[in-house]
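# Geometric and topological summary
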Amino acid sequence: MTRATTVIAVRRDGKAAMAGDGQVSIEDTIVKSSAQKVRTMRDGEVVAGYAGAAADALALFERLEEKLDEYSGNLPRAALELVKQWRTDKVLRQLEALLLVMDKSDIFLVSGNGDLIVPDEDVMAIGSGGGYAAAAAKALLRHTDLSAREIAEQALQIAGEICVYTNDQISVQEVLPEEGE
């Protein structure tokens, strides 16, 4: 079993940030500490992160980018079409990963089981430390004035203190503001 990650998406005050740790573990062995699990798409308009098999996630990132191009950057539509394709395509159905995708106004969890989940709050996390990171982020959203980026970073640091599959090698990507914002 590969346990590889914690990724969190946070939105606050019109800003959106996603952070991922760098640890990749196989069973009880850390095999990499600086993996990049979060990336931008469409010139910074969309940010995506993954948990699960890296090669599978990268293949899904490519499909998501194609869908974003096909639907002119409309993330809700692109995510829905990716879920449909992932669920029905014989080859894609075998991929083992979860995607967390966001833009300025939406956060989605996307899975091959046909899931397209929108969180109730402006936080969603995936991976082995996802529950810890989400709990920390919700508390920070409710009780601090920290920015989306700062909350994502702090939440991952807290998750890393609890989850043995999460480290402190954090990478953060932000949705870029539109011109004039």
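It should be noted that the structure appears before, not after, this text.
Residues numbered from 1 in each chain as written. Predicted model: local features only at pLDDT ≥ 70, side-chain atom pairs only at ≥ 80, totals over all residues. Heavy atoms only, no water.

### A closer look at the pattern of salt bridges
The condition is simple: One speaks of a salt bridge when a side-chain nitrogen belonging to Lys or Arg is within 4 Å of a carboxyl oxygen belonging to Asp or Glu. The rule is simple: take the accessible area with a 1.4 Å probe, protein chains only, and divide by the maximum for that residue type; under 20% is buried, over 50% is exposed, in between is partly exposed. A run of H or I in DSSP becomes a helix once it reaches four residues, and a run of E becomes a strand once it reaches two; helices and strands are each numbered from the N terminus.
One pass over the structure, following the stated rule, counts 12 salt bridges. Its salt-bridge partner being E45, residue R42 comes within 3.8 Å of it at the nearest N-O pair. Among the residues examined, E45 registers a relative accessible area of 44% and is labelled partly exposed. Between D69 and R42 there is a salt bridge, with its nearest N and O atoms 2.9 Å apart. Remark: R42 occurs in the loop between β6 (38–41) and β7 (46–52) and D69 occurs in helix α1 (residues 54–70); sequence separation between them is 27 residues. A relative accessible area of 52% means that D69 is categorised as exposed. A single network of salt bridges, built from pairs that share partners, joins R42, E45 and D69.

### Brief notes about α1
Note the following rule: Between the first and last residue of a helix there are one fewer steps than residues, each counted as 1.5 Å, and that sum is the expected span. Think of it as the arc spanned by the lines of direction from the helix axis to the C-beta atoms. Any two residues whose heavy atoms approach within 4.5 Å are treated as being in contact.
Spanning 17 residues, α1 covers 24 Å between terminal C-alpha atoms, matching the ideal 24 Å at 1.5 Å per step. Burial in α1 covers these residues: D56, A57, L60, F61, L64, K67 and L68. Buried residues of α1 fall within an arc of 140° about the axis and therefore sit on the same side. In α1, the exposed positions that point more than 90 degrees away from the buried face belong to A55 and D69. Considering only its buried residues, α1 is in contact with β6, β7, α2 (75–88) and β8 (97–102).

### Details of the side chain of S171
Inspection of the secondary structure assignment puts S171 in strand β12 (residues 171–174). The residues contacting S171, other than those within four sequence positions of it, are M18, A19, G20 and Q36.

### Quick word on the packing of aromatic side chains
As a reminder of what qualifies: Working definition: a ring pair exists when centres of Phe, Tyr or Trp rings (six-membered ring for Trp) sit within 6.5 Å. Plane angles under 30 degrees give stacked, over 60 give edge-to-face, the rest tilted.
Counted under the stated rule, the structure contains 1 aromatic pair. Ring plane angle 70° and centroid distance 6.0 Å describe the contact between Y50 and F61, whose orientation is recorded as edge-to-face. Highlighted residues: Y50 in strand β7 and F61 in helix α1, separated in sequence by 11 residues. For the pair formed by Y50 and F61, the shared burial category is buried.

### What to know about α2
Taking 1.5 Å of rise per residue, 14 residues should cover 20 Å, and α2 covers 20 Å from first to last C-alpha, within 8% of that figure. Every buried residue belonging to α2 is among L75, A78, A79, E81, L82, V83 and W86, and all of these are buried. Contact partners of the buried residues in α2: β7, α1, β8, β9 (107–111) and β10 (116–117).

### Some details on the environment of S72
Relative to the assigned elements, S72 resides in the loop between α1 and α2. For S72, a relative accessible area of 64% translates into the label exposed.

### Quick look at the nonpolar core
The criterion, for reference: The definition of a nonpolar core used throughout is a set of buried Ala, Val, Leu, Ile, Met, Phe, Trp, Tyr and Cys residues joined through side-chain atoms within 4.5 Å.
Within the largest apolar cluster, 22 residues are counted, with the highest numbers of intra-cluster contacts made by M41, L60, L64, L68, L99, V101 and V110. Of all elements in the fold, only β7, α1, α2, β8 and β9 reach the threshold of two or more residues within this core. Per-element tally for this core: the top contributor is α2, with 6 residues. In this view, L68 contacts M41, R42, V46, G73, N74, L75 and A78; residues no more than four positions away in its chain are not counted. Membership of the second largest hydrophobic core comes to 19 residues, among which are I8, A136, L141 and A152.

### Quick word on the sheet that holds β10
The test is simple: At least two bridges found by DSSP between two strands are what make those strands a pair. Orientation is described by axes fitted as lines to C-alpha atoms, over the contacting stretch for helices, and by angles from 0 to 180 degrees between their N-to-C directions.
One open sheet holds the 5 strands; their spatial order is β6-β7-β8-β9-β10, and the pairing between them is antiparallel. Lying at the two open borders of the sheet, with one neighbouring strand each, are β6 and β10. Strand direction decides the pairing type here: β7 and β8, joined by 6 bridges, are antiparallel. Pairing of Y50 across the sheet is with L99, part of β8. Relative to β7, α1 is tilted by about 155°, and along the sheet it contacts β6, β7 and β8. Packing against the sheet, α2 makes contact with β7, β8, β9 and β10, and its axis sits at approximately 10° to β9.

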